[in-house]
Amino acid sequence: MGETATGAMRISPEYFVDPHSIHARLREEAAATQIVLPRGLRVWLVTRYEEARFVLADPRFSKDHAGINEVATRHWEGEGDPVMFDQSLVRHMLNSDPPNHTRLRKLVTKAFTPKRVEALRPRIQEITDELLEAAAGQGEVDLVEALAFPLPITVICELLNVPMEHRDDFRRWSNILVAGNQPELLQEAGQAMAGFLAGLVADKRANPGDDFFSALVHASEDDDRLDEVELISMAFLLLVAGHETTVNLIATGVFNLLKHPDQLEKLRADRSLLPGAIEEFLRYEGPVNQATFRYTTEDVQVGDVLIPEGHFVLASLISANRDESRFPDADTFDITRPAGGHLAFGHGVHYCLGAPLARLEGEIAVGSLLDRFDIALAAEPDTLKWRESTLMRGLYSLPVSLSDRGAH
Ligand code: HEM
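Residues numbered from 1 in each chain as written. Predicted model: local features only at pLDDT ≥ 70, side-chain atom pairs only at ≥ 80, totals over all residues. Heavy atoms only, no water.

Asks: Provide a residue-level description of the overall build of the protein, including the pertinent values.
Replies: Tallying secondary structure elements over the protein gives 18 helices and 12 strands in all. Relative to the compact-globule value of 22 Å for 408 residues, the protein shows a C-alpha radius of gyration of 21 Å, a close match. Taken along the three principal axes of its C-alpha coordinates, the protein extends 65 × 55 × 35 Å. With 408 residues in all, the protein has 55% of them scored as buried. Sequence separation of 24 or more characterises 72% of the internal contacts of the protein that already satisfy a separation of 6 or more. A total accessible area of about 17000 Å² is found for the protein, and carbon and sulfur atoms account for 52% of it. Taking the 40 positively charged and 63 negatively charged side chains of the protein as two groups, their mean positions are separated by 3 Å. (Helix = DSSP H or I, 4+ residues; strand = E, 2+ residues; numbered from the N terminus. Rg over C-alpha atoms; globule rule 2.2 N^0.38 Å. Buried < 20%, exposed > 50% of the residue type's maximum accessible area, 1.4 Å probe, protein only. Contact = heavy atoms within 4.5 Å. Areas by Shrake-Rupley, 256 points an atom, 1.4 Å probe, with all protein chains shown as cover. Lys, Arg positive; Asp, Glu negative; His and termini not counted. Charge placed at Lys NZ, Arg CZ, Asp CG, Glu CD.)

What follows is the structure, given as structure tokens:
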């Protein structure tokens, strides 16, 4: 990473190839380091486990969207306007503090409890089986396209009753907005996404289905009705969070299994290890690198660093999960380790609402893949490309060769 005029470190392309060794150095040096994100925002990056956990849960780190916009204008070293995100997409729970956060989250928690999610198991299995059937006989496939992407997007679109024909447009806009590394496309993608979701809300107003999103659109005043922008933002958050992350849980998890054949063999020999393996996937190389924006509402001491009021603070979850002081031999991929306590789903009031769904999708996808196929990497691991996003950690594609186990 290079330095900017203010002395902060600028994230450079090699960061995305191997963020872990850069994080290891930063963890050694200090609890928090000033860095400049690719578009030009100056933030404090927190890389150690204890401090990351603290930042995620302490209410002096605010997520209020209006405050975030204001702080962005003061810590901007980039070209153009720092706030390019379409403002009708931002009024959701992950951009709000209690009590507003509590109100927004309460409206949807019921749909994502472990019990409600468990009821989706047969349908998730069915979608997985269809995808694996389509992949069978092809020899070599890109596992991202064949399984890791279509499974979670189909599940979340069905939950919200979103027509599937817009899936490819939706994916393109979502990728642009989440990666944020193509500023020239941000505004257009934001507008297109907002327009699409406004149409979805209007459609559910006119033709309510039995999905829980229709219920939200039709809630009465007494049920704490959401206004139009809150509805659009809620749909945006659920659809994006519901697929941008789980795709990486499945693809990166399988990639790491293939890179560590001893671990793959262990899992094949004892399938009761699968839930623990999913936790190790999440710990060792989870889908979220730097958690979403928080800013200090007063001066806050973070370990050995005093972060002044009105600064951005990002907790790196993939770094915290490699902190030796919390996970001995943290750089070793070991599906039998007790990986509990990892921060891959965050911590505190914003702890991932979809964690039970993501775990179930991960278990069904990986379990069914191993049941059906012998699988091998079809490219050198070093040639695979990681997404150039500071938020998401994931592969663009994962070429694998599949041979039906029944054929042996
Ligand atoms: C492996 C997959 C997933 C991972 C690693 C993941 C990770 C996370 C993380 C780290 C946060 C907190 C971010 C922060 O505090 O800055 C979060 C929040 C959230 N996630 Fe997930 N997520 C996953 C899947 C899902 C799924 C399937 C859904 C389904 C709808 C979902 C919905 C949400 C929502 C709504 C929030 C905001 C919660 C709040 O603000 O109270 N996530 N997720």
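Moving on, there is more to tell.
Asks: How would you explain the pairing of strand β3 (residues 32-36) if you had to name every residue and give the values?
Replies: The buried count for β3 comes to four of five residues, which makes it a mostly enclosed element. In terms of strand pairing, β3 meets strand β4 (residues 42-46) through five bridges, oriented antiparallel. When the sheet's bridge partners are listed, Thr33 is paired in β4 with Leu45. (Pairing = 2+ DSSP bridges.)

Asks: I'd like a description of the packing of helix α9 (residues 150-160) against helix α18 (residues 355-372), backed by residues and values.
Replies: In contact at an axis separation of 11 Å, α9 and α18 are set at 135° when each is read in the N-to-C sense. Relative to α18, the element α9 lies oblique. For the pair α9 and α18, the sense of crossing is right-handed. On the side of α9, the interface is formed by Leu151, Pro152, Val155 and Leu159, while α18 contributes Leu357, Glu361 and Ala365. The residue inventory of the contact of α9 with α18, partitioned by class, reads six nonpolar, no polar and one charged. (Axes fitted to C-alpha atoms, helices over the stretch in contact; angles between N-to-C directions. Parallel < 35°, antiparallel > 145°, perpendicular 65-115°, else oblique. Left-handed = near helix turned anticlockwise from the far one by under 90°. Nonpolar A, V, L, I, M, F, W, Y, C, P; charged D, E, K, R; others polar.)

Asks: Talk me through the packing of α9 against helix α13 (residues 228-244); I want residue IDs and the actual numbers.
Replies: It is the contact of α9 with α13, at a shortest axis distance of 8 Å, that shows an interaxial angle of 155°. Comparing the axis directions of α9 and α13 gives the class roughly antiparallel. As for how α9 packs across α13, the hand of that crossing is right-handed. Counting all contacts with α9, which are made through Pro152, Ile153, Ile156, Cys157 and Leu160, the residues of α13 involved are Ala235, Leu238, Leu239, Gly242 and His243. For the contact of α9 with α13, the class distribution of residues is eight nonpolar, two polar and no charged.

Asks: Go over the sheet that holds strand β12 (residues 399-404), please, and point to the residues and values.
Replies: Strand order in the open sheet made by the three strands is β6-β12-β11, with antiparallel pairing throughout. The open sheet has two free edges, formed respectively by β6 (140-142) and β11 (373-377), since each of these has just one partner strand. Strand-to-strand, the axes of this sheet are offset by a mean angle of 35°, without reference to chain direction. Pairing of β6 with β12, which is carried by three bridges, proceeds in the antiparallel orientation. Residue Glu140 lies in a different strand from β12, and its bridge partner there is Ser401. The sheet strands contacting helix α14 (residues 246-259) are β11 and β12, and the helix crosses β11 at an angle near 80°.

Asks: Just give me the short version of the layout of surface pockets, but keep the residues and values in it.
Replies: Computed from the structure, the largest pocket encloses a volume of approximately 400 Å³. Of all the elements in the fold, those that place two or more residues in the lining of the largest pocket are α1 (13-17), α2 (19-29), α14 and α16 (274-285). Per-element tally for the lining of the largest pocket: the top contributor is α1, with three residues. Here the residues of the lining of the largest pocket sort into 10 nonpolar, three polar and eight charged. In terms of lining, the second largest pocket is formed by 16 residues, of which the most central are Arg171, Asn175, Glu244, Arg387 and Tyr396. Elements that contribute at least two residues to the lining of the second largest pocket include exactly α8 (143-148), α10 (167-179), α13 and α14. Broken down by element, the residue count for the lining of the second largest pocket peaks at four residues, all from α10. Among the residues making up the lining of the second largest pocket, the classes are represented as seven nonpolar, five polar and four charged. (1 Å grid on protein atoms, 1.4 Å probe; cavity = no way out; pocket = protein on both sides within 12 Å on 5 of 7 lines; lining within 4 Å. Points joined across faces, edges and corners; volume = space filled by probe spheres on them.)

Asks: Tell me what's going on with α14, and back it up with residues and numbers.
Replies: Helix length check: α14, at 14 residues, gives a terminal C-alpha distance of 20 Å against a target of 20 Å (1.5 Å per residue), a fit within 8%. The element α14 is extensively covered by neighbouring structure, given that 13 of its 14 residues are classed as buried. (Expected span 1.5 Å × (residues − 1).)

Asks: Give a description of the pattern of salt bridges that names residues and reports values.
Replies: Under the defined criterion, the tally for this structure stands at 25 salt bridges. In the salt-bridge network here, residues are joined through shared partners; they are Arg91, Arg103, Asp227 and Glu230. (Salt bridge = Lys/Arg side-chain N within 4 Å of Asp/Glu carboxyl O.)

Asks: Tell me about unusual backbone geometry, residues and numbers included.
Replies: A cis amide bond links Pro98 to the next residue, Pro99, at an omega of 5°. Here Pro99 shows up in the loop between α4 (65-74) and α5 (100-109). One non-glycine residue, Asn161, lies in the positive phi region at around 60°. By secondary structure assignment, the location of Asn161 is in the loop between α9 and α10. Even without being glycine, Asp329 reaches a positive phi, approximately 50°. Relative to the elements of secondary structure, Asp329 occurs in the loop between α17 (317-320) and α18. According to the relative accessible area criterion, Asp329 is exposed, its value standing at 52%.

Asks: Now, about the coordination of the iron atom of the ligand: what can you tell me, with residues and values included?
Replies: A lone protein donor binds the iron atom of the ligand: Cys352 (SG), at 2.3 Å. Looking at the secondary structure, you find Cys352 in the loop between α17 and α18. (Donors = N, O, S within 2.8 Å, 3.2 Å for Na, K, Ca; no water.)

Asks: With reference to specific residues and values, describe the site of the ligand.
Replies: Around the ligand, a shell composed of 28 residues is seen, among which His101, Thr292, Arg294, His350 and Cys352 lie nearest. Side-chain polar atom of His101 to an oxygen atom of the ligand: 2.6 Å apart, as the coordinates give it. In this structure, His350 approaches the ligand through a side-chain N or O atom, which is 2.7 Å from an oxygen atom. Looking at the shell around the ligand, the elements with two or more residues in it are α5, α13 and α14. (Near = heavy atom within 4 Å. Polar contact = N/O pair within 3.5 Å; in protein donor to acceptor, adjacent residues only side chain to side chain.)

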